[in-house]
Amino acid sequence: MTWRVRRMRNAGENLPDYIGRITEFFEGVDGRRYFACRWFFRPQDTVISNTKLFKDHTHDPKRVFLSDERNDNDLDCIVSKVKIIQVDPKLDQEAKAQVAADADLYFDMSYTVPYSTFENITLDINENSGISFDAEANSESDAAATKATILDLYSGCGGMSTGLCLGAVIAGLQIETRWAVDLNTNAWESFKYNHPITEVRNEKVEDFLLLLQEWSVLCDKYIHKHNDDASASPLKVGGEEHELGKGKLVIDKLTAICYGGAKREKCIYFKGDVDVLCGGPPCQGLSGNNRHRKCDKPLDDDKNRQIVTFMDIVSFLKPKYVLMENVADILKLNGGSVGRYALSRLVALNYQSRMGLMVAGCYGLPQFRMRMFLWGALPTMVLPKYPLPTHDVVVHGGAPSAFSVSNDETADETMYSVKAETEFQRYIRLSRKEMLDYSFGDNKGPSEGMLLDHRPLKLNKDDYERVKQIPHQKGANFRNLTGVKVGQDNVAYMDPTVKPPCLESGKPLVPYYALSFMHGKSLKPFGRLWWDETVPTVFTRAEPHNQIILHPDQARVLTVRENARLQGFPDYYRMYGPIKERYMQVGNAVAVPVARALGYALAQAFQRKTEGNNNLMIVLPGSFSDVAMMRVRARASSSGAEAAAKELEGASYLSSSGNN
Ligand code: SAH
C-alpha cells in the first residue's frame, strides 16, 4: 500500500509531494491520529539533488528509490494514494516502462541516505516486478570468475589500476590492466614500463571517446551476419568509396581498429569486454588551490568537463564496474554539484552506485590525503563496499629510514644502504613477485632490488643556502631564519632594527614571497617535516616555497622516491621523464594502498562474496599487508594449488592484527 504524502517542510507550489509507504496507523497519547511511514526518494530528493542542473541526461520521471528512512507523521499530511510497483533493475528501460505501464511510479533500487548508496533490493520482491531468476545463472559465472580486465582512463603513471590489481589478487581475482589512456607522454612512458602487457594509449580521452563512437558507427554499418544485404552502404577506405556489391561483405565481427593514418602505429584491440573502468578525471578546475575556478557553473569549466567525458565513456562501454576518484572538493565546491553530477549520471545509466571519502592514512601511510571514490556496478553485479581502515591516521614515532642524499644527487638508481628495519620498509621493498604484481604477465618482471628515483629536485644556489640555515627541529620553517620576527597577530615580518641579511648572490636571505604568503601567517615556506609527522598530502610540485617538503635533517626537499613511498608505490615502480614530471606523476596518483584496499573490495563483489551481506563496509583480512604472508602467498602462487593451500594454512598464524 503506497500513499502520497503532502510535503510538510519546504512546501512549495511547484514541488512534487513526498511519497511513502504507510506501515502503520496509530493514535498518539495526545489523542491525535498518526501514521508510520517508510519513504521513497525521487532522484532530486536524494544526494543527487537538483537534477535540472545536468542538461545532458535525464532521469525517468516515474522512477523512485526505496529508502530505509522511516518516521511518524500527522494523518492530515496524506494527499492521495499512488500505485508504485517494484521492477527488476536488470530490465532495460523499455521493459521497465512496459512493466510499469499502469503504475504511477516504479522503484527498482534502494537508496541509503548515510552512505549515498543506490543498490539492488534483495528483499521486497513482489509478483508484478518482472523479476526473473536468470540472476542465478549470472551469480554462478561471476562467482567462479578468476580473471577480469580494466580500462584505466587518465591513467597517469598507474597508481589506481596498479593498486586495484594488487588488492584483487589477494581475494583471488586476477585483474589485468588491458588498456590505459593518458595524454601526458611521460606518464604514458612510466605506465608502459611498469605494465608492458597493457595497451597504453598516449592521447586525449575525448579523442579516445570519438574513436569508440566512430568504431561503433562502423560496426552498425558494416557488420552483417549474412552477406546478402544489398542495402549495405559503401565502405570508405582511404577516402575512396568502395561499393560493396551483393555477396561481397564478409566481415563477421570487428575485433580491431586502427586510429589515424598509416604512420601512426597505435592500434586499439577491443577483443574483450571491459569489466572495470577506472579513472581520475583531472580536477584542476576544482582544486581548492586554484583561485581561478568557476564557482557558479563548475561543469562549464573545461577542466571539469572531463568528468562528462568519463561518464560518456561509461555510457558507451557499459563496463560491469566503474570506479572514479577525485579530490574531496568535488563534494564541496558549488554545493558539490560536480560530485552530484557524476552520481546522477551513473544512476541514470542504471548503475548501482556508492559515493564516499577515503583517507590514505587509514591504509598504512604517513599521509592524510582525503579523496572521493565513486563506485558503480551494473544491476547484474554486486556493488562493492568500502574497506574499513586498517590503521589510525595519526602516526607517532614511526621514523622513516634516513638515507643520506645530497641536494645534487642525480642518480636514478642507487643501492639500498641499510637493511629494512620497519614493517613498512619490508613491505614497500617487496619484489614484483612478492607483491603478486602480474603487470609483466604471469608474475614475471624485473625485481629491481635497487633504490630507484631517490633523488630530489635540485634546489638553486639561493634556496640551497636558505635551506641549509633552517634548523633541524620539529616545526622549523622560514621564521627561524635570521631577522624574522612574528607579531602578536601571528604575522611574520623583518626586524626593522637590523639590516636584512643577504645571500652570496646579493638576494635577501628571507624572500618576499615567504613573508607575504598567506598574508605572512603561513608556516609552510621552507618548512621542515619531522620524523613523527604525517604529511597532509603529497603534492605534484617539489619547490619548498609554499609547502612543507624539506627533509627533517638534510638540506634538500623529499626525493621522488620518498614521495612515491608516501603514496605507497612499491619500490620497484619506476617513473619516467624529467624530474619535475616524476614528482607530478607521483603526486597525481591514487595512493596505491587505498586502491589496493578497494581492489580487494571489488574482487569480493565481483565474485559475489558480499552478496546479501547487509554490512555497509568490509573488513580487510588482518594479513592483508603482512610481509611474511605476502611472501608465503607469492611462493604459493608459483607452486601447485594443493601445496599453496597447505602453506597458506600453515602460515595463517603469522598474520598480525593489521591494526598498527
Ligand atoms: N589515476 C592516476 C592519476 C591521474 S592524474 C593514478 O592513480 O596514477 C590525471 C591524469 O590525467 C594526468 O596524468 C594527466 O596527464 C591526464 N589528463 C589530463 N587531461 C587529459 C585528457 N584530456 N585526456 C587524457 N589524459 C588527460
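Residues numbered from 1 in each chain as written. Predicted model: local features only at pLDDT ≥ 70, side-chain atom pairs only at ≥ 80, totals over all residues. Heavy atoms only, no water.

## Here's the deal with the pattern of salt bridges
All chains considered together, the criterion is met by 33 salt bridges. Asp453 serves as the salt-bridge partner of Arg582, at 2.5 Å between the closest nitrogen and oxygen. Within this pair, whereas Arg582 is found in helix α12 (residues 579-588), its partner Asp453 is found in the loop between β22 (451-452) and α9 (461-468), the two being separated by 129 residues in sequence. For Asp453, a relative accessible area of 2% translates into the label buried. (Salt bridge = Lys/Arg side-chain N within 4 Å of Asp/Glu carboxyl O. Helix = DSSP H or I, 4+ residues; strand = E, 2+ residues; numbered from the N terminus. Buried < 20%, exposed > 50% of the residue type's maximum accessible area, 1.4 Å probe, protein only.)

## Here we look at the confidence of the model for the protein
Mean pLDDT over the protein works out to 84, with 79% of the residues at or above the 70 mark. Here residues 225-242 is modelled with pLDDT under 50, and outside its nearest four sequence neighbours on either side it reaches 24 contacts, counting other chains as well. Confidence drops under pLDDT 50 across residues 244-255; counting only partners more than four residues distant or on other chains, this segment forms 26 contacts. (pLDDT = per-residue confidence, 0-100. Contact = heavy atoms within 4.5 Å.)

## Considering the side chain of Thr149
With respect to the helices and strands, Thr149 occurs in strand β9 (residues 147-153). Thr149 gets classed as buried once you look at its relative accessible area, which sits at 6%. A distance of 2.8 Å separates the side chain of Thr149 from the backbone oxygen of Asp273, its partner in a polar contact. Ignoring anything within four residues of it in the chain, the contact list for Thr149 reads Ile175, Glu176, Arg178, Trp179, Asp273, Val274, Asp275 and Val276. (Polar contact = N/O pair within 3.5 Å; in protein donor to acceptor, adjacent residues only side chain to side chain.)

## Digging into the packing of aromatic side chains
Any pair of aromatic rings gets described here by the distance separating the centres and the angle formed by the planes. What the rule picks out here adds up to 11 aromatic pairs. Here the aromatic rings of Phe569 and Tyr573 are separated by 5.0 Å at their centres, their planes lie at 45°, and the arrangement is tilted. Site record: aromatic cluster; members linked through ring pairs are Phe41, Phe65, Tyr111 and Phe118. The residue whose ring lies beneath Arg178 is Trp179, and the NZ or CZ to ring-centre distance is 5.6 Å. Over the ring of Phe624 we find Arg596; its NZ or CZ atom is 4.2 Å from the centre of that ring. (Phe/Tyr/Trp six-rings, centres within 6.5 Å; stacked < 30°, edge-to-face > 60°. Lys NZ or Arg CZ within 6 Å of the ring centre and 35° of its normal.)

## Considerations on helix α14 (residues 627-638)
Given a rise of 1.5 Å per residue, 12 residues ought to cover 16 Å, and the 17 Å separating the end C-alpha atoms of α14 matches this to within 8%. Residues of α14 that are buried include every one of Val627, Met629, Met630, Val632, Arg633, Ala634 and Ala636, and no others. One side-chain oxygen at the N-terminal end of α14 lies 3.1 Å from the backbone nitrogen of Ala628; it belongs to Asp626. (Expected span 1.5 Å × (residues − 1).)

## Some details on the site of the ligand
Within the structure, the ligand sits among 20 residues, and Met160, Asp182, Val205, Glu206 and Val590 are positioned closest to it. Measuring from an oxygen atom of the ligand, one finds a backbone N or O atom of Met160 at 2.9 Å. One nitrogen or oxygen atom from the side chain of Gln306 is found 3.2 Å from a nitrogen atom belonging to the ligand. Relative to its unbound accessible area of 580 Å², the ligand is 90% covered by the protein chains. A breakdown of the residues in the shell around the ligand according to their chemical character gives eight nonpolar, eight polar and four charged. (Near = heavy atom within 4 Å. Areas by Shrake-Rupley, 256 points an atom, 1.4 Å probe, with all protein chains shown as cover. Nonpolar A, V, L, I, M, F, W, Y, C, P; charged D, E, K, R; others polar.)

## Notes on the environment of Tyr115
Tracing the backbone shows Tyr115 in the loop between β7 (105-112) and β8 (117-120). The residues touching Tyr115, leaving out its near neighbours within four places in the chain, are Arg354, Met355, Leu616 and Met617.

## Digging into helix α6 (residues 305-317)
Each α-helix turn comprises 3.6 residues. Residues three or four places apart therefore point the same way. Its 13 residues place the ends of α6 19 Å apart at the C-alpha level, agreeing with the 18 Å of an ideal helix rising 1.5 Å per residue. Taken residue by residue, α6 has Gln306, Ile307, Val308, Thr309, Phe310, Met311, Ile313, Val314 and Leu317 as its buried positions. Its buried side turned inward, α6 meets β9, α5 (205-222), β16 (276-279), β17 (321-327), α7 (337-348) and β19 (370-377). Count one or two residues on from α6 and you reach Lys318, which has phi positive near 45°.

## Some thoughts on the environment of Tyr583
Tracing the backbone through its elements, the reader meets Tyr583 in helix α12. Along the backbone, Tyr583 and Val560 are 23 residues apart, and their C-alpha atoms lie at a distance of 5.7 Å. With residues near it in sequence (within four places) discarded, Tyr583 still touches Arg455, Pro456, Leu457, Phe539, Thr540, Ala542, Val557, Leu558, Thr559, Val560 and Asn563. Of the polar contacts made by the side chain of Tyr583, one reaches the backbone nitrogen of Leu457; its length is 2.9 Å.

## Some words on the environment of Leu317
For Leu317, the position within the fold is in helix α6. With a relative accessible area of 18%, Leu317 lands in the buried category. As a C-alpha pair, Leu317 and Leu277 span 40 residues in sequence and 8.8 Å in three-dimensional space.

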